[in-house]
Amino acid sequence: TGQVLTVAGGLPVWANAGASSLLLSVLTTNVSYKPLSTDQLILFNASVAVTATLNSALSKGTNYIIKNTSTQSNVYVVTTSGLLDYQTAIGLLPLDSIDVDYDGTNWWIT
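Counting restarts for each chain: residues are numbered from 1 in the order of the written sequence. Owing to the predicted nature of the model, reporting of local features is limited to residues with pLDDT of at least 70; listing and counting of side-chain atom pairs is limited to 80 or more, with chain, interface and lining totals taken over all residues. The side-chain numbers reported here are obtained from all heavy atoms of the structure, hydrogens and water having been left aside.

J.: In this structure, what is going on with the sheet that holds strand 6 (residues 63-68)? I would like to understand it.
T.: Note: strands within a sheet are paired through backbone hydrogen bonds, in either parallel or antiparallel orientation. In this scheme, strands are said to pair when DSSP sees at least two bridges between them. Counting from the N terminus, the helices are DSSP H or I runs at least four residues long and the strands are E runs at least two residues long. Spatially, five strands are ordered 3-4-6-9-10 in an open sheet, and the strand pairing comes out mixed. Edge positions in the sheet fall to strand 3 (26-29) and strand 10 (107-109), since each of these pairs with one other strand and no more. Neighbouring strand axes in the sheet, compared pairwise and without regard to direction, differ in orientation by 25° on average. Two strands pair when backbone bridges link them, and strand 3 and strand 4 (residues 41-44) are joined in this way by four bridges, in the parallel orientation. For threonine 29, the partnering residue across the bridge sits in strand 4 and is phenylalanine 44. For helices, the fitted axis covers only the stretch in contact; all axes are lines through C-alpha atoms, and the angles between them, taken along N-to-C directions, range from 0 to 180 degrees.

J.: Mind showing me how you'd approach the side chain of asparagine 106 here?
T.: Among the secondary structure elements, asparagine 106 is positioned in the loop between strand 9 (97-102) and strand 10. In terms of polar contacts, asparagine 106 uses its side chain to reach the backbone amide nitrogen of leucine 83, at 2.7 Å. For this analysis, a polar contact is any N or O atom pair within 3.5 Å, provided that within protein one partner can donate a hydrogen and the other can accept it, and provided that sequence-adjacent residues contribute only side-chain to side-chain pairs.

J.: Help me out: how do you make sense of the packing of aromatic side chains in this one?
T.: Aromatic rings from Phe, Tyr and Trp, with only the six-membered ring used for Trp, were paired whenever their centres fell within 6.5 Å, and each pair was classed as stacked if the ring planes differed by under 30 degrees, edge-to-face if by over 60, and tilted otherwise. Tallying each qualifying case throughout the model produces three aromatic pairs. With a centroid separation of 5.1 Å and an interplanar angle of 80°, the aromatic rings of tyrosine 86 and tryptophan 108 are classed as edge-to-face. Separated by 22 residues along the polypeptide, tyrosine 86 in the loop between strand 7 (75-79) and strand 8 (89-92) and tryptophan 108 in strand 10 bring together distant segments of the chain. Under the relative-accessibility criterion, tyrosine 86 is labelled exposed at 67%. Classification of residues uses two cut-offs on accessible area relative to the type maximum, computed with a 1.4 Å probe and protein chains only: under 20% is buried, over 50% is exposed, and between them is partly exposed. In this structure tryptophan 108 comes out as partly exposed when scored by relative accessible area, which is 25%. Seen in terms of ring centroids, tyrosine 102 and tryptophan 107 are 4.8 Å apart; in terms of plane orientation they differ by 35°. Their pairing is tilted. Of the residues examined, tyrosine 102 reaches a relative accessible area of 4% and is grouped as buried. An aromatic cluster is present here, built from Tyr64, Tyr102 and Trp107 joined pairwise through their rings.

Encoded structure:
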């Protein structure tokens with residue numbers, strides 16, 4: 001409890017969780033949103049169609065978890081440029097989530 005698996009001296013070891021390993025930023029919204037560089041988990045709970053627009057001007061390695069917490073298929077993930085796993089948009093089913101990472105050019109579902 002309270003520990004994470006990490007690497008020390010090339011070997012896996014259990015260590016106390018540091019601030020960088022904890023989920024620090026959780027945002028819940030019911031409107032379209034453009035995640036900030038400081039966001040980590042974005043929860044969409046909307047009764048109408050909403051869009052998460054991933055900004056392709058962010059730093060390489062930016063990561064988000066995006067979840068549709070509603071019971072409707074009304075959350076869409078798009079980018080300002082580039083692609084998202086070779087697609088221009090991804091629709092999330094009810095209670096579905098994706099974990100996305102930015103490589104400096106495109107977003108990838110991981």
